[in-house]
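Chain by chain, the residues:
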Amino acid sequence: MALPFPPAVRLGDSLEVDPPLWLAPMEGVTDPSFRGMVLDENPGAVGAACTEFVRVTDHPAPARFLVEALGPARSDAAVGLQLMGNHPEAVAASAVRAAEAGAAFLDLNFGCPAPRVFQHCAGSALLADPPLLESMVRATVEACPVPVTAKIRSGIEDDAGIEDIARRVEQAGASALAIHARLKTDRYTDPSRWQRISRAVAAVHIPVIGNGSAHKPQDIQAMFQETGCAGVMVARGALQNPWVFSDWSALIRGESPPERGAPEAVDWLARYRTRMEAGGATPRQALGRLKQSAKALAEAGFLDAEKVSPALRLKETDSFLDCLDSCFPVTADSPR
Ligand SMILES: Cc1cc2nc3c(=O)[nH]c(=O)nc-3n(C[C@H](O)[C@H](O)[C@H](O)COP(=O)(O)O)c2cc1C
């Protein structure tokens, strides 16, 4: 049975995210190659994507870092750039450069739990200083010609501050709030508490983008229905199933997604390699990313983890892909 498509999300006056599905920022994953692959594999099914965070110290980030993070321009989805820092002026100046470099929107990171970030009072550490968080958003909104969004965790050790932070983000002029329904202390454990997303939705008028444990198409749909969020942001679900957005789209249309298995997964890895090499990745970087992707594809059941395991020990990309080709031969029974 077909379900109603959720309406597009407007960011500011000029930008429409349609459908309202975001590919989340993931450091070490969502570089321009991975993002480009996911956008190509899910035509029309990803409304927005975001770069991994670019760290801003007390000086604006160099323009070349921003250009590199954004990668080739895309017209099929809004591609934003994420900044993480704690100096409002430096972040705002970096945001202006990001807009000049082609970012469709600017996202501010208030969620990163990594100790090296937290100890430097950035990422989720800003949740402990709501006035500073608010002034970062305001300074960026005032300086930046493109819409500004904020991505927060639900708190550090408890979620009592959700409403206050959400309202501050709104009052500072952000176009949307993305809320990751975990605390900093939850790291990445499942399940996320989606009630926290509902609370943010009730607290503000700007669109709220839900995030956390929406790994599968059915989870995406459940997050829309259970929380009332305007958009859903998928992170690890897209690493495990790079077709998750199209599969959600099929679910909404009442269609079955195409059957995919090892041949499609191995084919994805081969094309991902080509893309990374074309983008200038070194063989070592490309092999690392391919192994990361293969492990995630195995977690999702596209590949048999035991068969993948020997390939993960190989040190050359050619032998890694050859090994997978021979472990997962295309047979007459393969789903194609
Ligand atoms: C490997 C990895 C890197 C991440 N890097 C970023 C990042 O650069 N910026 C950010 O805001 N969140 C980052 N996150 C958090 C995700 O965007 C997302 O909020 C989180 O994984 C929860 O979503 P999920 O349950 O769908 O995975 C990262 C998560 C992972 C697993």
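Everything numeric in this text was worked out from a predicted model, so none of it was measured. (Residues numbered from 1 in each chain as written. Predicted model: local features only at pLDDT ≥ 70, side-chain atom pairs only at ≥ 80, totals over all residues.)

1. Regarding the overall build of the protein chain
In plain terms, the rule: Secondary structure elements are taken from DSSP: a helix is a run of H or I of four residues or more, a strand is a run of E of two residues or more, and numbering for both begins at the N terminus. C-alpha atoms define the radius of gyration, and 2.2 Å times the number of residues to the power 0.38 defines the globule rule. Our exposure labels follow a C-beta count within 10 Å of each residue's own C-beta, placed from the backbone: buried means 20 or more other C-beta atoms, exposed means 12 or fewer, and partly exposed covers the counts in between. By the convention adopted here, residues are in contact when the distance between their C-beta atoms, placed from the backbone, does not exceed 7 Å.
For the protein chain, the helix and strand inventory stands at 14 helices and 10 strands. Against the 2.2 N^0.38 benchmark of 20 Å for 336 residues, the protein chain shows a C-alpha radius of gyration of 20 Å, consistent with a compact globule. Overall, the C-alpha framework of the protein chain stretches about 60 × 45 × 35 Å when taken along its three principal axes. Counting the 336 residues in the protein chain, one finds 52% classified as buried. In the protein chain, once contacts between residues fewer than 6 apart in sequence are set aside, the share between residues at least 24 apart is 71%.

2. Comments concerning helix H8 (residues 217–227)
The set of residues buried in H8 consists of Pro-217, Asp-219, Ile-220, Met-223, Phe-224 and Thr-227. On the buried face of H8, the contacting elements are helix H7 (195–203), strand E9 (208–211), strand E10 (231–234) and helix H10 (244–253).

3. Notes on unusual backbone geometry
Peptide bonds are mostly trans, and most non-glycine residues show a negative phi. Across the junction of Asp-18 and Pro-19, the peptide omega takes the value 0°, indicating a cis bond. By secondary structure assignment, the location of Pro-19 is in the loop between strand E2 (15–17) and strand E3 (21–23). Asp-190 connects to Pro-191 through a cis peptide bond whose omega is -10°. Looking at where Pro-191 falls in the secondary structure, it is placed in the loop between strand E8 (176–180) and H7. With phi around 50°, Arg-187 is a residue other than glycine that occupies positive phi space. You can see Arg-187 is positioned in the loop between E8 and H7. By the C-beta count within 10 Å, which is 9 here, Arg-187 ends up exposed. Here Ser-213, not a glycine, exhibits a phi torsion of approximately 70°, which is positive. Tracing the backbone shows Ser-213 in the loop between E9 and H8.

4. Here's the deal with the site of the ligand
Our working rule: By convention here, the C-beta atom is placed from the backbone, and a residue is near a molecule or strand when that atom is within 6 Å of it. All residues other than Ala, Val, Leu, Ile, Met, Phe, Trp, Tyr, Cys, Pro, Asp, Glu, Lys and Arg, Gly among them, are scored as polar; the first ten of these are nonpolar and the last four charged.
Contacts to the ligand come from 23 residues, most closely from Ala-24, Met-26, Glu-27, Ala-235 and Arg-236. Counting only elements with at least two residues in the shell around the ligand, the list comes to strand E4 (48–55) and helix H9 (236–240). Classifying every residue of the shell around the ligand gives 10 nonpolar, 9 polar and 4 charged.

5. With respect to the packing of helix H1 (residues 32–41) against helix H11 (residues 262–278)
Condition: All axes are obtained by fitting lines to C-alpha atoms, using only the stretch in contact for helices, and the reported angles, taken between N-to-C directions, cover 0 to 180 degrees. Oblique is the label for every angle not falling under 35 degrees (roughly parallel), over 145 degrees (roughly antiparallel), or within 65 to 115 degrees (roughly perpendicular). Two helices cross in a left-handed way if the nearer one is turned anticlockwise from the farther one by less than a right angle. They cross in a right-handed way if the turn is clockwise.
Between H1 and H11, the shortest axis-to-axis distance is 9 Å and the interhelical angle comes to 135°. Taken together, the axis directions place H1 and H11 in an arrangement best described as oblique. Where H1 crosses over H11, the two elements pack in a sense that is right-handed. The residues of H11 that touch H1, namely those facing Ser-33, Gly-36 and Met-37, are Arg-271, Tyr-272, Arg-275 and Met-276. Looking at the contact of H1 with H11 residue by residue, the classes come out as 3 nonpolar, 2 polar and 2 charged.

6. Here's the deal with the pairing of strand E7 (residues 148–153)
The criterion, for reference: Between any two strands, pairing holds if DSSP finds at least two bridges.
Along E7, 6 of the 6 residues are buried, which leaves the element largely enclosed by surrounding structure. Residues Val-148, Ala-150 and Ile-152 of E7 are buried on one face, and the alternating residues Thr-149, Lys-151 and Arg-153, pointing to the opposite face, are buried as well. Relative to E7, strand E6 (residues 106–110) is paired through 5 bridges, and the arrangement is parallel. Considered in E7, the bridge of Leu-108 is made with Ala-150. Pairing between E7 and E8: 5 bridges, direction parallel.

7. Remarks on the domain arrangement of the protein chain
You'll often see interface size given as the accessible area lost when the parts meet. The condition that has to hold: These domain boundaries are the output of an automatic or database domain assignment.
As assigned here, the protein chain comprises domain 1 (9–253) and domain 2 (262–327). Just the C-alpha atoms count here: the centres of domain 1 and domain 2 sit 28 Å apart. On the side of domain 2, 12 residues touch domain 1, which itself brings 8 residues to the contact. Counting residues per element, the side of domain 1 that touches domain 2 draws most heavily on H1, which supplies 4 residues. Its residues placed into classes, the side of domain 1 that touches domain 2 shows 4 nonpolar, 4 polar and no charged.

8. Quick notes on the sheet that holds E7
Read around the closed barrel, the 8 strands follow the order E3-E4-E5-E6-E7-E8-E9-E10; overall the barrel is parallel. Averaged over all adjacent pairs, the angle separating strand axes in this sheet is 25°, with direction ignored.

9. Here's the deal with the nonpolar core
Note the cut-off: Core membership is restricted to buried Ala, Val, Leu, Ile, Met, Phe, Trp, Tyr and Cys residues, and these are joined into a nonpolar core through C-beta atoms within 7 Å.
Among the nonpolar cores identified, the biggest contains 110 residues, and Leu-106, Leu-177 and Val-234 are the most heavily contacted of them. Counting residues domain by domain, this core receives three or more from each of domain 1 (9–253) and domain 2 (262–327). Apart from the residues within four sequence positions on either side, Leu-177 is in contact with Ala-150, Ile-152, Ala-166, Val-169, Ala-200, Val-204, Ile-206, Val-208 and Ile-209.

10. Things to note about the environment of His-87
By secondary structure assignment, the location of His-87 is in the loop between strand E5 (78–84) and helix H3 (88–100). The spacing of His-87 and Thr-57 is 30 residues in sequence and 7.0 Å in space, taken between C-alpha atoms. If sequence neighbours within four positions are ignored, His-87 has contacts with Val-56 and Asp-58.

11. Some remarks on helix H2 (residues 63–70)
How we decide: This arc is taken over the directions from the axis of the helix to the C-beta atoms.
Taken together, the buried positions of H2 are occupied by Leu-66, Ala-69 and Leu-70. Along H2, the residues classed as buried sweep out an arc of 95° about the axis, all on the same side.

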